[in-house]
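In case you want the letters, here they are:
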Amino acid sequence: MSFLKRLFGNKEKPIEKDFTDAEHEKDYELKSKGLENVLGEMHDLVGHAIIPFAIGGAVDMYYFPNHIKGTGFATMELLDPNGNGPLKNRLGTYELVAFTKYDYHASKDPQTPFNLAERNACGFLTSIGMYSSQAVLNPKETIEIPNGEDEENTCLVFDLYEPNGKKFKIGDREHHLLLCLQLFRSEMDYARQNGSDKLFKLLKEKGHYPYSDLDREAVI
């Protein structure tokens, strides 16, 4: 699926409502517990965006260093306290998740491998988060995010992320985590021609799944 070329008809969106501070706080508490059930304990520091996502800024970054080797990144701003936000895919509504193999650290040096990976993930999670309210994004689909002039598009594939069958729930509501996995173009083309499952198998064999780091050799 191309970020630019797909055409959309008019879609009915849920009626928006204003939520109280108490409703937002309760939702944050339940969402945090739901994420930690899947991804392990969340780091106590949050990467807050200067401009909030709700008014066109970047997503806040929530860090999960206790799940698998490296660090998980998750969004918490796509779903509102009623469970609405992204257009429903075939599994329902979701928050986004991505991973780097680099361990979390709080260095202010922007050029460390972790900080470079974190900023890169923030960029594509923000783009996909904004796009999710306009397009139906399903697991196994590919997507291209356009970058600046003379820069290659960012290539990604989605997958359902349910390690060991653990489902993402917010209180009694069942949602899911949509994994955003950055790829080389050759890998994305392979997934489009042969199916994403075959690409996932190759990535897993090489130890690259579910990470978005591209400081590796392409598997295709």
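Please refer to the structure higher up on the page.
Residues numbered from 1 in each chain as written. Predicted model: local features only at pLDDT ≥ 70, side-chain atom pairs only at ≥ 80, totals over all residues. Heavy atoms only, no water.

Student: Could you give me a rundown of the packing of aromatic side chains, with the residues and numbers involved?
Tutor: Inspection of every chain in the model, using the stated rule, returns eight aromatic pairs. Ring geometry for tyrosine 63 and phenylalanine 73: centres 6.0 Å apart, planes at 80°, overall edge-to-face. Of this pair, tyrosine 63 sits in strand 2 (residues 61-64) while phenylalanine 73 sits in strand 3 (residues 71-74); the two residues are ten residues apart in sequence, bridging distant segments of the chain. Exposure remark for phenylalanine 73: the relative accessible area of 1% places this residue in the buried category. (Phe/Tyr/Trp six-rings, centres within 6.5 Å; stacked < 30°, edge-to-face > 60°. Helix = DSSP H or I, 4+ residues; strand = E, 2+ residues; numbered from the N terminus. Buried < 20%, exposed > 50% of the residue type's maximum accessible area, 1.4 Å probe, protein only.)

Student: An account of helix 1 (residues 21-39) is needed here, citing residue identities and associated values.
Tutor: Residues lying three or four places apart along an α-helix face the same way, a consequence of the helix completing one turn every 3.6 residues. With 19 residues, helix 1 ought to run about 27 Å at 1.5 Å a step, and its terminal C-alpha atoms sit 26 Å apart, in line with that. For helix 1, every residue scored as buried is listed here: Asp27, Lys31, Ser32, Gly34, Leu35, Val38 and Leu39. Of the surrounding elements, those touching the buried residues of helix 1 are strand 2, strand 3, strand 4 (94-100), strand 7 (169-170), strand 8 (173-174) and strand 9 (176-183). Looking one or two residues past helix 1, glycine 40 carries a phi angle of roughly 85°, positive in sign. (Expected span 1.5 Å × (residues − 1). Contact = heavy atoms within 4.5 Å.)

Student: Break down helix 4 (residues 196-205) for me, with residues and values.
Tutor: Restricting attention to buried positions, one finds in helix 4 the residues Ser196, Leu199, Phe200 and Leu203. Looking down the long axis of helix 4, one finds its buried residues gathered within 100° of arc, a one-sided arrangement. Pointing more than 90 degrees away from the buried face of helix 4 are the exposed residues Lys201 and Glu205. Turning to helix 4, the residues buried within the fold contact strand 6 (154-160), strand 9 and helix 3 (185-194). Among the residues trailing helix 4, glycine 207 stands out with phi positive, at a value near 75°. (Arc of directions from axis to C-beta.)

Student: Account for the environment of glycine 148, naming residues and giving values.
Tutor: Within the secondary structure, glycine 148 is located in the loop between strand 5 (142-145) and strand 6. Residue glycine 148 is classed as partly exposed on the basis of its relative accessible area of 33%. For the pair glycine 148 and histidine 175, spaced 27 residues apart in sequence, the C-alpha separation works out to 34 Å.

Student: Please set out unusual backbone geometry residue by residue, giving values where relevant.
Tutor: With omega at 10°, the peptide bond leading from tyrosine 209 into proline 210 counts as cis. Here proline 210 is to be found in the segment after helix 4. In this structure, asparagine 164 is a non-glycine residue whose phi angle is positive, near 55°. Residue placement: asparagine 164 occurs in the loop between strand 6 and strand 7. The exposure class assigned to asparagine 164 is exposed, which follows from its relative accessible area of 79%.

Student: Help me get a handle on the packing of helix 3 against helix 4, residues and values and all.
Tutor: Remark: helix 3 packs on helix 4, axes separated minimally by 6 Å, with the N-to-C direction vectors making an angle of 135°. One way to sum up the angle between helix 3 and helix 4 is to call them oblique. Here helix 3 contributes Glu187, Tyr190, Ala191 and Asn194 to the contact with helix 4, which in turn contributes Ser196, Lys198, Leu199, Leu202 and Leu203. Residue composition of the contact of helix 3 with helix 4, by class: five nonpolar, two polar and two charged. (Axes fitted to C-alpha atoms, helices over the stretch in contact; angles between N-to-C directions. Parallel < 35°, antiparallel > 145°, perpendicular 65-115°, else oblique. Nonpolar A, V, L, I, M, F, W, Y, C, P; charged D, E, K, R; others polar.)

Student: Now, about the pattern of salt bridges: what can you tell me, with residues and values included?
Tutor: For the coordinates displayed, the defined rule picks out 13 salt bridges. Across the pair aspartate 215 and lysine 101 runs a salt bridge whose closest N-O atoms are separated by 3.5 Å. On the criterion of sequence distance, the pair formed by aspartate 215 in the segment after helix 4 and lysine 101 in the loop between strand 4 and helix 2 (113-131) is long-range, its members being 114 residues apart. One salt bridge in this structure joins aspartate 197 and lysine 140, with 2.9 Å as the shortest N-O distance. Of this pair, aspartate 197 sits in helix 4 while lysine 140 sits in the loop between helix 2 and strand 5, and the two are 57 residues apart along the sequence. A network of salt bridges, in which partner residues are shared, links Asp27, Lys31, Glu95 and Arg173. (Salt bridge = Lys/Arg side-chain N within 4 Å of Asp/Glu carboxyl O.)

Student: I'd like a rundown of a nonpolar patch on the surface, residues and numbers included.
Tutor: A surface patch of nonpolar side chains, amounting to about 390 Å² of accessible area, comprises Ile50, Ile51 and Ile55. Looking at where isoleucine 55 falls in the secondary structure, it is placed in the loop between strand 1 (46-47) and strand 2. Its relative accessible area of 66% is what places isoleucine 55 among the exposed residues. (Patch = residues over 30% accessible without salt bridge, like charges linked within 9 Å, V, L, I, M, F, W, Y side chains within 5 Å. Areas by Shrake-Rupley, 256 points an atom, 1.4 Å probe, with all protein chains shown as cover.)

Geometry only, nothing functional implied.
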